[in-house]
Amino acid sequence: MPTTVCSAKASCKKLPGLLELNDTHLQWTQDGKKAPSIRVAHAEASSLFCSKEGAAQVRLKLGLYNDDTGHNFTFTSPQAYAEREKFKKELTAIISRNRNASDAAPRLSVTAALAVDASAHGTLTANAPAPTGKPSLQLARPSISRAPSVSSDRRATPVITGNDPASDFRLRKKVLLSNPELGTLHRDLVMSGQITEAEFWDGREHLLLAQATQESQRKGKSGQLVDPRPETVEGGEIKIRITPQLVHDIFDEYPVVARAYTENVPNNLSEEQFWKRYFQSKLFNAHRASIRSSAAQHVTKEDPILDKYLEKEDDGLEPRRERPGIVELLVDLAATSEDHEETGNEKDVTMQAGRQRGALPLIRKFNEHSERLLNSALGDIPPAKRRRLDTGDDAYSQIDIDDLHDPEASAGIILEMQDRQRYFEGRMATMAAEEATAKKNLDVKEMIRESKINVQNWDTNLNLLKLERKPGDAALVGMTQNVAARLDVKSRKNDIPDGLFRQMTTCQTAANEFLRQFWSATYPPPVELQTLAAATPAQRAAKAAKMISYISKTPEKVAALIQTAQHHGIDPTRVETAMKPIINAVEQALTFYRNKKGPLS
């Protein structure tokens, strides 16, 4: 039996309940219920966020390795602050143990977990232990919990290579949640026991593979330059919200801030003091990426600690940090005098840097930021392999873009002919004879004379031209009637009740699924199907027989729908017409099954 460490009255999502921390889990149980609604193992806790002392609501947020949103709790008892502090003390120790245990594996850690309460006025509160050293991004930690698989028949359940059953179950759940119609079909057929989980996903492996591919894609770094914006809260005070991601972005974008943090926290400054002084210092305003920095210089303060890390403005004609390597001509803005010597190009005097000296630091800051984005996207690829391998020896090949070339036309399929030369010789002789005859019969003078005769009195002939009005009126009336008919169809109210329409939709989707299952059991499976084991001929025959038993009941269901429509005073032919395609497909499957002799192979 787990031992309870501490407990307190707390609400979650505006629902009252009891928050408990034992030696294995943190759990929250809603009032009036016996089973806990939230249950988190100690090993899943990654960060902690708390409201400041004296806030209107005493809050606590627990971040998880496998869930970015985490869980929010609001303490409601008269001793809410004391109870929250006890939970914070215990959870901080748990998070520290988790981080120390994770250091044994090759995983980096986040330096700080900072939070500011929404109702706080310009006060920063640090609630998670900050490790020493230069901080860096924290890698995702897999969830320890395992969800049971829905399917009991794992013989033909589609799986993703390399995934465990829990991950496979999670992929199927996400696919169903992202596709409401598929989720409804799964609930109607699988949860009711008509077909198994394996049969439902048979033939839908591409959906699981697409979901797995989407989750495996590494999200690139944000292209936005780090520039925290102050917010004005009640009372006119200014506040900047600090999150662990913002801290990591600042350290990554400005290494000098990371160095200042490492050298001064916690020896000279506390974490809270460091961030307060940084956002009021000249160092912060020097790093801002807009013209707002110049307007805020009058509110900066002299800081004896952070001012030591100020760097000289990079506003010289030549940048302070030279770019290593050879610049390709495609992106080299200085290559204007040697790329086309034969035409007499001169240096482009309009592209001289430094005319507006104050803009140079900002431009170079953008260039360095863009370079960091590209390097993060390329990863650990060596610089030599990042360049194109087919640049060639001449300079033109470096600026030649493949996308600007027309795609090569297909040569087509060669027609195999007997005595091909004789065929073309005959064709050429015929064409030569026709051309000779045409030239012989062609009289240029006669053609000019006929053209002059045809254009004589053209204005008189044009005035004599009269268009009949009846064909034009008939065309206009036809178009008007067509538009009116379409508007009538759109404006006509659908008088089929929602309940009946829902029954028709359910009947059609279920019949389509049974037909899909039947034909997949009748025809050989595709070669690329990823299953744990292929179905035997006997199993496929049994599946086909099972599906045909469901399919054979579809006409009865459609007849019942037609009778229901008659009871509601609806024209039964409308329902019959709507369900006619599915009835035809069912009859074709039944006919095929009756005519097929012998077991399925």
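From a predicted model like this one, the values you see are computed outputs, not experimental measurements.

**With respect to the overall build of the protein**
From N to C terminus, the protein includes 21 helices and 11 strands. Taking contacts inside the protein between residues at least 6 apart in sequence as the whole, the part at least 24 apart equals 61%. Here the protein has roughly 40,500 Å² of accessible surface; of this, 55% comes from carbon and sulfur atoms.

**Some points on the nonpolar core**
With 39 residues, the main nonpolar core has F200, F514, I551 and M579 as its most contacted residues. Elements that contribute at least two residues to this core include exactly α2 (165–178), α3 (180–189), α4 (197–201), α5 (205–216), α18 (498–522), α19 (537–551), α20 (554–567) and α21 (572–595). The biggest single contributor to this core is α18, with nine residues. Mapped onto the domain boundaries, this core takes at least three residues apiece from domain 2 (165–216) and domain 4 (498–523 + 536–597). Those residues in contact with M579, other than ones at most four positions away along the chain, are M504, C507, Q508, V558 and L561.

**Some points on unusual backbone geometry**
One can expect most non-glycine residues to show negative phi and most peptide bonds to be in trans. Across the junction of V265 and P266, the peptide omega takes the value 5°, indicating a cis bond. For P266, the location among the structural elements is in the loop between α7 (255–264) and α8 (271–278). The backbone of K14 shows a phi angle near 65°, a positive value even though the residue is not glycine. Structurally, the position occupied by K14 is in the loop between β1 (4–12) and β2 (15–22).

**Structural notes on the packing of aromatic side chains**
Within the structure shown, the criterion is met by 19 aromatic pairs. Centroid distance F75 to F87: 5.6 Å. Interplanar angle 55°. Geometry classified as tilted. With F75 in strand β7 (residues 67–75) and F87 in helix α1 (residues 80–102), this pair connects stretches of sequence that are 12 residues apart. You can call F75 buried: its relative accessible area is 5%. The interplanar angle of 70° and the centroid separation of 6.1 Å between the aromatic rings of F518 and Y593 together place this pair among those described as edge-to-face. With F518 in helix α18 and Y593 in helix α21, this pair connects stretches of sequence that are 75 residues apart. Aromatic ring contacts, followed pair by pair, group F251, Y261, F274, W275, Y278, F279 and F284 into a single cluster.

**A short note on the packing of α18 against α20**
Contact pair α18 / α20: the axes reach a minimum separation of 11 Å and the direction vectors enclose 170°. The orientation of α18 relative to α20 falls into the category roughly antiparallel. Contacts between α18 and α20 involve L500, Q503, M504, C507 and A511 from the former and T554, K557, V558, L561, T564 and A565 from the latter. In the contact of α18 with α20, the residues fall into seven nonpolar, three polar and one charged.

**Description of the pattern of salt bridges**
Counted according to the given criterion, the structure contains 17 salt bridges. Across the pair R449 and E446 runs a salt bridge, and its minimum N-O distance is 2.4 Å. In this pair, R449 and E446 both sit in helix α15 (residues 444–455), three residues apart, roughly one turn of the helix. Classification of R449 by relative accessible area gives partly exposed; the value is 44%. With a closest N to O distance of 3.4 Å, R469 and D473 form a salt bridge. Of this pair, R469 and D473 both sit in helix α17 (residues 469–491), four residues apart, which is roughly one turn of that helix. Exposure remark for D473: the relative accessible area of 37% places this residue in the partly exposed category. A cluster of three or more residues bridged by salt bridges with shared partners is formed by R84, E85 and K88.

**Some points on the environment of N461**
Position of N461 relative to the elements: it lies in helix α16 (residues 458–464). For N461, the side chain forms a polar contact with the main-chain oxygen of N457, separated by 3.1 Å.

**Some details on the packing of α3 against α18**
One can describe the packing of α3 onto α18 by two numbers: an axis separation of 11 Å at closest approach and a directional angle of 80°. With respect to α18, the axis of α3 lies roughly perpendicular. Residues L185, D188 and L189 of α3 lie in contact with α18, whose contacting residues are T506, T509, A510, E513 and F514. Of the residues contributing to the contact of α3 with α18, the split by class is four nonpolar, two polar and two charged.

**Here we look at a nonpolar patch on the surface**
A cluster of nonpolar side chains, contributed by L415, M417, Y423 and F424, occupies part of the molecular surface with about 400 Å² of accessible area. When you line up the elements, M417 lands in the loop between α13 (396–399) and α14 (420–441). M417 sits in the partly exposed class, given a relative accessible area of 30%.

**Examining the environment of D571**
Mapped onto the fold, D571 is located in the loop between α20 and α21. Along the primary structure D571 and I496 are separated by 75 residues, whereas in three dimensions their C-alpha atoms are 9.5 Å apart. Among the polar contacts listed, one links the side chain of D571 to the side chain of T573, at a separation of 2.6 Å.

**Points about α3**
Of all the positions in α3, only L182, G183, L185, H186 and L189 are classed as buried. Looking straight down α3, one finds its buried side chains confined to an arc of 160°; they lie on one side. What points out from α3, more than 90 degrees from its buried face, is the exposed set P180 and E181. In this fold, the buried residues of α3 make contact with α2, α4, α5 and α18.

**A word on the pairing of β2**
Across eight bridges, β1 lies against β2 in antiparallel orientation. Looking across to β2, one finds that A8 is bridged to L19. Both β2 and strand β3 (residues 25–30) contribute to a ladder of five bridges, which runs antiparallel. When the bridges of β3 are listed, L18 appears paired with T29. Counting the residues between successive antiparallel strands, the hairpin from β2 to β3 contains two residues.

**Structural notes on the confidence of the model for the protein**
On average, the protein scores 75 in pLDDT, and the residues at 70 or more come to 73%. A low-confidence stretch, residues 105–156 stays under pLDDT 50, and its non-local contacts, those more than four residues away or across chains, total 148 contacts. Taken together, the stretch residues 291–298 has pLDDT below 50 and engages in six contacts with residues farther than four places along the chain or on a different chain.

Rules used in this analysis
For every chain, the first residue of the written sequence is number 1, and numbering continues from 1 onward in sequence order. Side-chain atom pairs in this predicted model are given and counted only at pLDDT of 80 or more, local residue features only at pLDDT of at least 70, and totals for whole chains, interfaces and linings cover all residues. For side-chain calculations, the full set of non-hydrogen atoms in the structure is used, while hydrogens and water are omitted. Runs of H or I in DSSP of at least four residues are treated as helices and runs of E of at least two as strands, each being numbered from the N terminus. Whether two residues are in contact is decided by their heavy atoms: any pair within 4.5 Å suffices. Only the protein chains shown count as cover for residues, and the accessible areas themselves come from Shrake-Rupley with a 1.4 Å probe. Residue types Ala, Val, Leu, Ile, Met, Phe, Trp, Tyr and Cys, when buried and joined through side-chain atoms within 4.5 Å, form a set referred to as a nonpolar core. For each residue, the accessible area found with a 1.4 Å probe, counting protein chains only, is set against the maximum for its type, and the residue is called buried under 20%, exposed over 50%, and partly exposed in between. Where each domain begins and ends is defined by an automated method or by a domain database. Pairing of aromatic rings covers Phe, Tyr and Trp, the last counted by its six-membered ring, and requires centre-to-centre distances within 6.5 Å; plane angles under 30 degrees mean stacked, over 60 mean edge-to-face, and any other angle means tilted. Only the contacting stretch of a helix is used when fitting its axis, a line to C-alpha atoms as for every element, and angles between N-to-C directions run 0 to 180 degrees. Should an angle lie under 35 degrees it is considered roughly parallel, over 145 roughly antiparallel, and from 65 to 115 roughly perpendicular; all remaining angles are considered oblique. Gly falls in the polar group here, along with every residue not listed as nonpolar (Ala, Val, Leu, Ile, Met, Phe, Trp, Tyr, Cys, Pro) or charged (Asp, Glu, Lys, Arg). Any Lys or Arg side-chain nitrogen found within 4 Å of a carboxyl oxygen on Asp or Glu counts as a salt bridge. Nitrogen and oxygen atoms within 3.5 Å of one another constitute a polar contact, given that in protein one can donate a hydrogen and the other can accept it, and given that sequence-neighbouring residues count only through two side-chain atoms. Patch definition: residues with relative accessible area over 30% and no salt bridge; like charges joined within 9 Å; nonpolar side chains (Val, Leu, Ile, Met, Phe, Trp, Tyr) joined within 5 Å. Arc definition: directions from the helix axis to the C-beta atoms. Strands were regarded as paired on the criterion that DSSP finds at least two bridges between them. Confidence of the prediction at every residue is given by pLDDT, a number between 0 and 100.

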